[in-house]
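# Geometric and topological summary
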Amino acid sequence: MDKYSLTHFLHLAESHAKAVSTVRSVRQMVDGGDQEVCAAIDQAEAEEGIARSAVICWRPNSAIEAQTKFLYMAHFIANAQISLDGQEMATMMTSIEHLR
């Protein structure tokens, strides 16, 4: 069981936000000419991916929790200027099917 299993959503969101911040910080170091941190980029991006996957897979217990999850992801997607791939979006939708 990984460190993101069976966790409250706010903890997942906080962990993901920290991972996103770390990725940005490491990228700025490389952009500033510090080539010794290239390996750190891979590690930071991997951790962000794991945390994002945990958020995407998390199953809310109520409509309010589902709305919070989707609002968080919408904010992340807009801020990061990325999109979810088809599998990530399908997983997001599957995670709330039990609330219908």
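Throughout what follows, the structure given in this document is the object of discussion. (Residues numbered from 1 in each chain as written. Predicted model: local features only at pLDDT ≥ 70, side-chain atom pairs only at ≥ 80, totals over all residues. Heavy atoms only, no water.)

Per the secondary structure count, the protein includes four helices and zero strands. Taken across its 100 residues, the protein has 33% of its residues classed as buried. Taking the intrachain contacts of the protein between residues at least 6 apart in sequence as the baseline, contacts between residues at least 24 apart amount to 64%. (Helix = DSSP H or I, 4+ residues; strand = E, 2+ residues; numbered from the N terminus. Buried < 20%, exposed > 50% of the residue type's maximum accessible area, 1.4 Å probe, protein only. Contact = heavy atoms within 4.5 Å.)

For the structure shown, the criterion picks out four salt bridges. For glutamate 45, the salt bridge goes to arginine 27, with nearest N and O atoms at 2.4 Å. Pair noted here: glutamate 45 is in helix α2 (residues 38-57) and arginine 27 is in helix α1 (residues 9-31), with a separation of 18 residues, a long-range link. Residue glutamate 48 pairs with arginine 52 through a salt bridge whose shortest N-O separation is 3.1 Å. (Salt bridge = Lys/Arg side-chain N within 4 Å of Asp/Glu carboxyl O.)

The next thing to look at is the layout of surface pockets. In this structure, the largest pocket occupies an estimated 200 Å³ of space. Considering the residues around the largest pocket, the lining is formed by Val20, Val23, Arg24, Arg27, Glu45, Glu48, Arg52, Phe76, Ala80 and Ile82. Among the elements that take part in the lining of the largest pocket, α1 stands out by supplying four residues, more than any other. Grouping the constituent residues of the lining of the largest pocket by class yields five nonpolar, no polar and five charged. (1 Å grid on protein atoms, 1.4 Å probe; cavity = no way out; pocket = protein on both sides within 12 Å on 5 of 7 lines; lining within 4 Å. Points joined across faces, edges and corners; volume = space filled by probe spheres on them. Nonpolar A, V, L, I, M, F, W, Y, C, P; charged D, E, K, R; others polar.)

Where α2 contacts helix α4 (residues 86-94), the two axes come as close as 8 Å, and the packing angle between them is 40°. By the angle class used here, α2 and α4 are oblique. Of α4, the residues touching α2 (which contributes Arg52, Ile56 and Cys57) are Glu88, Thr91 and Met92. Residues belonging to the contact of α2 with α4 are distributed by class as follows: three nonpolar, one polar and two charged. (Axes fitted to C-alpha atoms, helices over the stretch in contact; angles between N-to-C directions. Parallel < 35°, antiparallel > 145°, perpendicular 65-115°, else oblique.)

By the element assignment, glutamate 48 lies in helix α2. Contacts of glutamate 48, omitting those with residues within four sequence positions, involve His16, Ala19, Val20, Val23 and Phe76.

Attention now moves to the nonpolar core. One broad trend across soluble globular proteins is that nonpolar side chains are buried collectively. Counting 13 residues, the largest nonpolar core has Phe9, Val55, Tyr72 and Met73 as the members making the most contacts within it. Looking at this core, the elements that each hand over two or more residues are α1, α2 and α3 (63-80). Ranked by the residues each element gives to this core, the list is headed by α1, at four residues. Once residues within four sequence positions are removed from consideration, phenylalanine 9 is found in contact with Val55, Trp58, Thr68, Lys69 and Tyr72. (Core = buried A, V, L, I, M, F, W, Y, C linked by side-chain atoms within 4.5 Å.)

This part takes up the packing of α2 against α3. For the pair α2 and α3, interaxial distance at closest approach is 10 Å and the crossing angle is 145°. Between α2 and α3 lies a crossing of left-handed hand. Residues Glu48, Arg52, Val55, Ile56 and Cys57 of α2 pack against Lys69, Tyr72, Met73 and Phe76 of α3. Class assignment for the residues of the contact of α2 with α3 results in six nonpolar, no polar and three charged. (Left-handed = near helix turned anticlockwise from the far one by under 90°.)

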